[in-house]
Amino acid sequence: MDFQAIADHLSVAKVPGLLSVELPRSPDKKIKDKGRSGLPYVCLDPSCIVEFLMFCRDDEALGFEVLVDLTASDPSSDDENLWILVQLLSVRHRHRLGIKCILPKSALSMPSSTKVYRAAQWHERECMEMYGVTFEDHPDPRNMLLPDDWVGYPMRKDYVFPKEYHGISCE
Amino acid sequence: MGILEEAFEENVLTTRVDWLLNWAKLNSIWPMTFGLACCAIEMMAVGAAHHDIDRFGAGAFRATPRQADLMIVAGTVNFKMGERVKRLYEQMPSPKYVIAMGACATGGGPYFKYGYTVMKGVDRIIPVDVYIAGCPPRPEALLEGLMTLQDKIRRTPVIRKPARLQPADLA
Amino acid sequence: MTSPTEAEHKPSIRPADESRTLPSGEREFFMDVATSDLEVNMGPQHPATHGVMRVLLRTDGELVTGAQPHLGYLHRCAEKIGENVEWLQYLPYTDRYDYLSAMNNNLSYSLAVEALMPELEIPRRGTMIRMICAEMNRIASHLVAFGTYGLDIGAFTPFFYAFREREWIQALFEKICGARLTYSYIRIGGVFNDTPPGWLQEVADFCDVFEEKWQEYYDLLIENHIFVQRTANVGVISEEMAYDFGLTGPMLRGSGVDFDLRRDMPYLEYGQAYDAGAFRVPIGTGEKGTVGDCWDRTQVRMVEMKECLGLVRWCLEQIEPGPVIGDVPKVIKVPPGEAYVGIENPRGELGHYMHSDGGKIATRCRVRAPSFVNLAVLEDLMPGTLLADSVAIIGSTDIVIGETDR
C-alpha cells in the first residue's frame, strides 16, 4: 500500500492517538511557507503509542512486523518540543511508515514500546541517555553508549561540550 | 636485565652486547591484537599474506597483553575505552612499546572537534613511541612505523649507560 | 545479574552416618557442593568480539546462563557531528561507521539527502558506477565476515584467502577514488569522478577469477565437516524472533524470510536488474541443521557474494558513457524537509533519517545501524549455549562495532 492508503486505513479504523498526516508540499511564498520536501509521515499523540504500534503490528492489511528505528530529535534550542520518530517496515506487504510524536521538553515522558517490539528496547535506551526522554516501564534503563557517569544529554542542541573527564582534557 | 642494566661505560664490548640484545628484541616484537576501529582492518591486512608482517618477526599476534611486547593502538580511543587501554598497557611486561596508528590514536582524528567522548590522542594516557599518520594508514605505512620502532630499539642502550647531557657539555 | 551471596559459596557436608566404607578400606563421604555462576568479561579487548564490545557472560561451568552486551567503547558521536558540519563534509564520517562497507554507507547517506532534493537528476552512468561499487564492496565485506568467522572458529586458512581477494578489490577501489578503506566516493548527486581507462575491464576480469575462487572457498570452509558441526543447530533464530528484534539483512534471510531491500523496495536500478535475472536472493533453508542457525546465515552471505557478481556483470553491460555526477553546487543547501531512506547494507538495513531546515548544515542526522539492532538478539540467544558456541553466535551476527556505537 502506498502512504495515502495506509493513512486512510488508519483513520478509517479510528486508531487512538492519530493526530495528523504530513505530506511533502512545495514552497509557497504567499504564506511564507518554505515547503517540506522528503517523505510523508504520520503525527501521533505520545501517550497512545503502545496501542497504535500494536494495531500496526497486528492488523492484517498493515502488517508492520518490524520496528526499524526509534529515535528522538531536537529541532532547535529555541523549540520547546522534542520529536520522537519511529519507522516501521512491513516485510510481507513491502511498505514503510514514518511516525512522529511531539513531546514538550518540560514533560519528557512517554510509554515504552518494548512490549510491542523487542527491538525498541535498545533504541529507547539510547534516546534516554542522549536526550533525557523517560520511557515508562522500560525493563533496562541503563546507559547504552555513554560511560555510566556521563553528565548531560549530548544530543540536545543546548549541550555544552565538557572540558574534561576524569582528569583527561577534552580539548 | 636487573643489575646489569645501564651499569657499564660505553666501550667495544658493551656496544656489541647491546647490539646483540637489541637485534634479538627488534626482530621479534610480538604485537597485541588491539584493533579498535577502521585501522584494525588495515592492521589485519598487514597480518595477512600480501603485506606480511611476519617477515619482520612480528607475526605472532598475542591476544593477551601479558605475552605481548607491542601495543598497536589502531583506532579511536574514547573515554570509556581509555580506562581499559591504560589497564592493558599496565598489564604488559617491560620492555614494551606503543605505536599510535592512524589519525584518531595520534590526535583524535576526524572526531577532533565535535567528538565529545573521543580522547584526542592516546598519548594522553599512555606513552607512545611511534605515531603513524593516515586515516587509515596504508599497510605499508604501518610497516614503516614498525621499522621506525625497530630503529628506535636499535639505538637503545641496554647495559651501557645512556648518554646524558652533563653541565660540563654546555660550557 | 547480581553477585552471588556468601551463603552460596559454602559447601555443605552431610552427617557422617551417610558415609560408607569401601571394600578397599577407604571411607567415602557424601558432600553437597553448591556452585555459583561465574561472571566473565568477554572483551572489550578480545580476539573474537569483532571489535571493542564487552559481553558480560554469566556461566555455570561451560554453560552460559546469561549474556549482557555492553557497548559504547567506540562511540564516536557521529550523530552530533552530523548536526555541526556541512552536508558534504559529513560524507567521510559515513565511511567510518561500518568501515567494511564504506561505499554502501556513502550510498545510504547520499540517497537520504537526495530524497530531500527532488529536482536533482542523477545521471545513469553515475547510478551504474554506484551499483558496481556497492556490490564490489558487498563482496569485500562478506569476505571479511567469512575470513574472520573462520578465524573465530579456529580455521586460519580462509582468513588469508579472503584477504588476498580483498587486496584486489581494494586495489580497484584505490584506482577509482584513491583510498583503500574509507572512500567518500559516492557523493550527493552521483559519484565523485569517472572511472579511469581500463577499470571496467579489470572489474570484469575480477569477476571471472573470483567465481572460480568462490567455489574453492565454499568447499573449504562452508562445506567443511568441522565447520558444519560447530555452526549447525547453534544460535537458532526463528522468524518471529527475527521480526520482534527488528533484524534485517542476512540475519533475517538466514531465518527463512524472503526479503531483500534491493529487490522488494528497490533503489537505484536494482529492480530492473532483478527483473532481468541478474541476481537472486538466497535464504536459509536449514540444510545442515535448523532454519535460522549460524550455518544458514553464513551460507546466505557466501551465496550473496556469488550473486553480487551477476549484478556487477549486468551493470557492466548496461553502462554507457556520460556524466557521472548531477548538477550539484559547491556548497550544498538542502531544501527543508525530513526523509528516512534505508538501503541493503551487507549487514542489514542501513537507514539515514535526515532533517533539514534549508541551511548548509543538517538539523538531525540519525543513523539506523544494522549491527546495533542485530546485536540485541544476543541477550536472548546466548543463554543455554556452551561457551564455545557463544563465539560462533557472535561471529555469525557479523557485527561491526563502528556501526553499533556510531
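Residues numbered from 1 in each chain as written. Chains lettered and ligands numbered in written order. Predicted model: local features only at pLDDT ≥ 70, side-chain atom pairs only at ≥ 80, totals over all residues.

Glancing now at the overall build of chain A. Within chain A, the regular secondary structure consists of three helices and ten strands. Walking chain A from its N terminus toward its C terminus, one meets helices and strands in the order α-β-β-β-α-β-β-β-β-α-β-β-β. When the backbone C-alpha atoms are referred to their principal axes, chain A occupies close to 60 × 45 × 25 Å. Evaluated residue by residue, chain A yields a buried proportion of 40% over its 171 residues. Pairs at least 24 apart in sequence give 55% of the contacts found in chain A among residues at least 6 apart. (Helix = DSSP H or I, 4+ residues; strand = E, 2+ residues; numbered from the N terminus. Buried ≥ 20, exposed ≤ 12 C-beta atoms within 10 Å, placed from the backbone. Contact = placed C-beta atoms within 7 Å.)

Turning to the nonpolar core, a few remarks are in order. In summary, soluble globular proteins display a tendency toward joint burial of nonpolar side chains. Within the largest apolar cluster, 211 residues are counted, with the highest numbers of intra-cluster contacts made by B:Met71, B:Val73, B:Ile99 and B:Met101. Two domains share this core, each providing at least three of its residues, namely domain 1 (6–69) and domain 2 (77–405) of chain C. With near-sequence residues (within four places) excluded, B:Ile99 lies in contact with B:Leu70, B:Ile72, B:Asp129, B:Val130, B:Ile132, B:Gly145 and B:Leu149. (Core = buried A, V, L, I, M, F, W, Y, C linked by C-beta atoms within 7 Å. Domains from an automatic or database assignment.)

This next bit is on the domain arrangement of chain C. All names here are of chain C. Splitting chain C by domain gives domain 1 (6–69) and domain 2 (77–405). Each of domain 1 and domain 2 has a C-alpha centre, and the two are 42 Å apart. Listed as interface residues are 17 residues of domain 1 and, on the opposing side, 18 residues of domain 2. Elements with a contribution of two residues or more to the side of domain 1 that touches domain 2: β6 (54–60) and β7 (63–70). Sort the elements by how many residues they give to the side of domain 1 that touches domain 2 and β7 lands first, with seven residues.

A few words now on the pairing of β6(C). All names here are of chain C. Pairing of strand β5 (residues 38–42) with β6, which is carried by five bridges, proceeds in the antiparallel orientation. Looking across to β6, one finds that Leu38 is bridged to Thr59. Both β6 and β7 contribute to a ladder of seven bridges, which runs antiparallel. Bridging from a neighbouring strand, Asp60 pairs with Leu63 of β7. Remark: two residues form the turn of the hairpin made by β6 and β7, two consecutive strands paired antiparallel; Gly61 in that turn has positive phi of roughly 75°. (Pairing = 2+ DSSP bridges.)

The subject of this paragraph is the confidence of the model for chain C. Model confidence for chain C is summarised by a mean pLDDT of 88, while 95% of its residues fall at 70 or above. Low pLDDT (under 50) marks residues 1–8 of chain C, which in the prediction has nine contacts with non-local residues, meaning those over four places away or in another chain. (pLDDT = per-residue confidence, 0-100.)

Contacts between the two partners involve eight residues from chain B, matched on the other side by eight residues from chain A. Here the residues of the side of chain B that touches chain A are counted per class, giving four nonpolar, two polar and two charged. (Nonpolar A, V, L, I, M, F, W, Y, C, P; charged D, E, K, R; others polar.)

Attention now moves to the interface of chain C and chain A. At the interface, 36 residues of chain C touch 30 residues of chain A. Of all the secondary-structure elements, those providing two or more residues to the side of chain C that touches chain A are α2 (78–82), α9 (239–244), β10 (337–345), β11 (348–356), β12 (364–368) and α14 (370–375) of chain C. Of the residues assigned to the side of chain C that touches chain A, the class counts are 17 nonpolar, nine polar and ten charged. Bridge analysis of strand β2 (residues 37–38) of chain A against β10(C) gives two bridges, and the strand direction is parallel.

Residues and elements named next belong to chain A. The strand order across the open sheet built from five strands is β1-β3-β6-β5-β4, with neighbouring strands paired in mixed fashion. Both edges of this open sheet fall to β1 (18–22) and β4 (66–73), since each of them pairs with a single strand only. Neighbour-to-neighbour, the strand axes of the sheet open up by a mean angle of 25°, direction not taken into account. Judged from the ten bridges that link them, strand β5 (residues 81–90) and strand β6 (residues 95–104) form a sheet pairing that is antiparallel. Its bridge partner lying in β6, Asn81 is registered against Pro104. (Axes fitted to C-alpha atoms, helices over the stretch in contact; angles between N-to-C directions.)

Geometry of a packed helix pair, given as the angle between the helix axes and the separation of the axes. Residue and element names in this part refer to chain B. Two elements in contact, helix α1 (residues 12–26) and helix α5 (residues 139–154), have axes whose closest approach is 9 Å; the angle formed by their N-to-C orientations is 160°. For the element pair α1 / α5, the angle class is roughly antiparallel. Taken as a pair, α1 and α5 cross one another with a handedness that is right-handed. Between α1 and α5, the contacting residues are Asn22, Lys25 and Leu26 on the first element and Gln150, Ile153 and Arg154 on the second. Counted by class, the contact of α1 with α5 contains two nonpolar, two polar and two charged residues. (Parallel < 35°, antiparallel > 145°, perpendicular 65-115°, else oblique. Left-handed = near helix turned anticlockwise from the far one by under 90°.)

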